[in-house]
Amino acid sequence: MNMQMVKKLLRGFTWTCLFFSIGSTAWGGEPAAPKGQANVAPVPVVMLRVGTRELMVRDYMEFLGRNPTLVEQAANTIEGKKQALRLMVEEELLRQAMREAGLISATPTPEEETAGLKELAKMKFPLPMAPGEQAVRDFYDKNQSEFNMPKNIRLSQIHFRVPPSATVEERAAVRARAEKALERIQAGEPFAKVADELTENPRGKGHGGDVGLVWMDDEWLVKALDGIQVGQHTGVVEAPHKFDILLLTEVNEAQITPFDEVKQSISRHLRVTEQAQLRQAYLRSLREQLPVVLVLENLKEEFPNGLFE
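Small disclaimer: the values here were computed from a predicted structure and weren't measured.

Looking now at the packing of helix α3 (residues 57-66) against helix α5 (residues 78-100). Close contact between α3 and α5 brings their axes to 10 Å; oriented N to C, the two are set at 95°. If you check the angle between α3 and α5, you find them roughly perpendicular. Residues D59, Y60, F63, L64 and R66 of α3 pack against K81, A84, L85, L87, M88, E91 and R95 of α5. By residue class, the composition of the contact of α3 with α5 is seven nonpolar, no polar and five charged.

Printed below as a string of structure tokens:
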């Protein structure tokens, strides 16, 4: 995590908080104090309490360091920060529950915590038994759109790139190259031969221009292939940054994935979803036993109703 992102994450906190987090050894040494203030020793800054356990700014930064996918939203949006804080609190709640159950030590290693969490899950929010086939079928019938396979096609392409900064003359020169390629195909040269020689799409070069299956969800592509049958090619098709010649080689109509092909994944989805609900219910019970209290004034202002409304 770079220093600019650290500062974004701490925006809105008190200067002492910023001093502690950026000045600690983990973030590259102590910064100078603001002009007119003497340098002071960094001190821990409490963000919130979970039960009797105080979570510091340091804990928040370490949590984000372990969960880098949260960093961008936590740095740039209030909702992102709330989500990160909630997940940190939930992690602490589970950690305290594991200690209470004797599943981890006072200072557990990551491996110990992973094993302890598995045991806690078995005790408090286990993975449910597999649902009956009727429940799986009901989910399939009620969620048909999730199992739709949209229409897709297979294309070969002769692609000519147009630089974004191209002048009118340069764009015209690229189109002229595409027109010459089209003339060669119309004169009888195999599409694949011309594509291997001229296409500027690495995906198709060496494969006769074949770019594989493409979903028919692009308005430009639908318009370009209007009236084209399998085995036919288009003329020179223009787009903002390219000219293409397209050969339609295969069409697969939209269809619904058969029930037998997805019933195992649906069963797993239903079990995991129910387990997640059990986990959230367990976390709610832990929050009742171990209240979550915001301590830092900035957090109180940002989340007047708390993290878990």
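The next point concerns the pattern of salt bridges. On inspection of all chains with the given rule, the structure shows 19 salt bridges. Its salt-bridge partner being E297, residue K300 comes within 3.2 Å of it at the nearest N-O pair. Taken together, the residues K300 and E297, both in helix α12 (residues 297-302) and three residues apart, mark about one turn of the helix. Put simply, R53, D59, R66, E91, E92, R95 and E113 are held in one network by salt bridges that share partners.

Taken as a whole, the largest pocket encloses approximately 550 Å³ of empty space. If you go around the largest pocket, you meet 24 residues; those closest to its centre are R66, E91, E92, R95 and E113. Elements supplying a minimum of two residues to the lining of the largest pocket: β2 (53-56), α3, α5 and α6 (110-124). At nine residues, the largest contribution of residues to the lining of the largest pocket is made by α5. Its residues assigned to classes, the lining of the largest pocket shows ten nonpolar, three polar and eleven charged. Approximately 210 Å³ is the volume found for the second largest pocket. Every residue lining the second largest pocket is listed: L155, Q157, N201, R203, V211, V214, D218, W220, L221, K242, D244 and L246. Broken down by element, the residue count for the lining of the second largest pocket peaks at three residues, all from strand β7 (residues 242-252). Per-class residue counts for the lining of the second largest pocket are six nonpolar, two polar and four charged.

Calculation criteria
Residues numbered from 1 in each chain as written. Predicted model: local features only at pLDDT ≥ 70, side-chain atom pairs only at ≥ 80, totals over all residues. Heavy atoms only, no water. Axes fitted to C-alpha atoms, helices over the stretch in contact; angles between N-to-C directions. Helix = DSSP H or I, 4+ residues; strand = E, 2+ residues; numbered from the N terminus. Parallel < 35°, antiparallel > 145°, perpendicular 65-115°, else oblique. Contact = heavy atoms within 4.5 Å. Nonpolar A, V, L, I, M, F, W, Y, C, P; charged D, E, K, R; others polar. Salt bridge = Lys/Arg side-chain N within 4 Å of Asp/Glu carboxyl O. 1 Å grid on protein atoms, 1.4 Å probe; cavity = no way out; pocket = protein on both sides within 12 Å on 5 of 7 lines; lining within 4 Å. Points joined across faces, edges and corners; volume = space filled by probe spheres on them.

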